[in-house]
Amino acid sequence: MKRLGFLALFLLALACNRGESAPPTTQPEGNPEHGRQLVTQYGCPVCHTIPGVEGAVGALGPTLQGVASRPALSFGAVQNTPANVARFIQNPASMNPQSSMPPISMPPADAQDIAAFLGTLH
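In this report, the structure presented in the accompanying data block is examined. Bear in mind the structure is a predicted one, so any value in this text is a computation, not a measurement. Sequence positions are assigned chain by chain, starting from 1 and proceeding in written order. Per-residue local features are limited, in this predicted model, to residues with pLDDT of at least 70; the limit for side-chain atom pairs, both in listing and counting, is 80 or more; totals at the level of whole chains, interfaces and linings are taken over all residues. No hydrogens and no water enter the side-chain calculation; it runs on all heavy atoms of the structure.

1. So, the pattern of salt bridges
Item 1. Every case where a carboxyl oxygen of Asp or Glu lies within 4 Å of a side-chain nitrogen of Lys or Arg is listed as a salt bridge. Enumeration according to the criterion identifies one salt bridge in this entry.
Item 2. The salt bridge involving Arg36 is made with Glu33; its shortest N-O contact spans 3.3 Å. Residue Arg36 and its partner Glu33 are located together in helix α2 (residues 32-41), separated by three residues, close to a single helical turn.
Item 3. The exposure class of Arg36 is partly exposed, given its relative accessible area of 29%. Numbered from the N terminus, helices here are DSSP runs of H or I no shorter than four residues, and strands are runs of E no shorter than two. Three exposure classes are used, based on accessible area relative to the maximum for each residue type with a 1.4 Å probe and protein chains only: buried under 20%, partly exposed in between, and exposed over 50%.

2. Re the layout of surface pockets
Item 1. Looking at the largest pocket, its volume works out to about 650 Å³.
Item 2. Grid points spaced at 1 Å over the protein atoms alone were grouped into cavities, where a 1.4 Å probe fits but cannot get out, and pockets, open sets with protein on both sides within 12 Å along at least five of seven lines, with lining residues defined by an atom within 4 Å of a point. Lining the largest pocket are 28 residues; nearest its centre among them are His48, Pro62, Leu64, Phe88 and Met101.
Item 3. For the lining of the largest pocket, the secondary structure elements donating two or more residues are β1 (72-73), α3 (82-90) and α5 (108-118).
Item 4. Element by element, the count of residues in the lining of the largest pocket is highest for α3, at three residues.
Item 5. Considered class by class, the residues forming the lining of the largest pocket number 20 nonpolar, seven polar and one charged. Grid points are joined across faces, edges and corners, and a volume is the space filled by probe spheres set on the points. Any residue that is not Ala, Val, Leu, Ile, Met, Phe, Trp, Tyr, Cys, Pro, Asp, Glu, Lys or Arg is counted as polar, Gly included; the first ten are nonpolar and the last four charged.

3. Focus: α2
Item 1. If you check which residues of α2 are buried, you get Gly35, Leu38 and Val39. The buried residues of α2 all sit within an arc of 105° when viewed along its axis, so they share a single face.
Item 2. Between two residues, a contact is recorded if the distance between any of their heavy atoms is within 4.5 Å. Packed against the buried residues of α2 are α5.
Item 3. Looking at where α2 begins, the residue whose side-chain oxygen comes 3.0 Å from the main-chain nitrogen of Glu33 is Asn31.
Item 4. Positive phi appears at Gly43, one or two residues downstream of α2, with a value of about 80°. The arc under discussion is defined with respect to the helix axis, by the directions toward the C-beta atoms. Two N or O atoms form a polar contact when they lie within 3.5 Å of each other; inside protein one atom must be a possible hydrogen donor and the other a possible acceptor, and for residues adjacent in sequence the pair counts only when both atoms belong to side chains.

4. What about the environment of Pro51?
Item 1. Topologically, Pro51 is positioned in the loop between α2 and β1.
Item 2. Using a relative accessible area of 23% as the deciding quantity, one classes Pro51 as partly exposed.
Item 3. Between the C-alpha atom of Pro51 and that of Leu121, which follows or precedes it by 70 residues, the distance is 7.4 Å.
Item 4. Apart from the residues lying within four places of it in its own chain, the contact partners of Pro51 are Arg36, Leu64, Gln65, Phe117 and Leu121.

5. What to know about the side chain of Asn96
Item 1. Within the element layout of this structure, Asn96 appears in the loop between α4 (92-95) and α5.
Item 2. Ignoring anything within four residues of it in the chain, the contact list for Asn96 reads Ser74, Ala77 and Phe88.

6. Here's the deal with the side chain of Ser74
Item 1. Within the secondary structure layout, Ser74 lies in the loop between β1 and β2 (78-79).
Item 2. The class of Ser74 is buried, set by a relative accessible area of 16%.
Item 3. At 2.5 Å, the side chain of Ser74 forms a polar contact with the side chain of Asn96.

Next up, the structure:
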């Protein structure tokens, strides 16, 4: 019985150490720190309360406190994924025609950075 236990452990160790490295972890798209800076540049604090952004206490739009934990954006109309957040930031009405948020002309990289920052707000 002890031999079977030793053999099982040996085979398990051999199988786990086959010289293969773990797959690389994928980095989220966008730069959250740059996104934090961009929300002020694009005027987001005028309408939204945004944790971690000084003076961002707007009340016209929803608070962004905990936005990363929400399953959907814009009253449930859009699934909360980084790609959808970036698209929504640029043109909210294209994803939810009832949205009162205006379209914001910005490069896709800026939208990705803002989405990455919003993804830190749990």
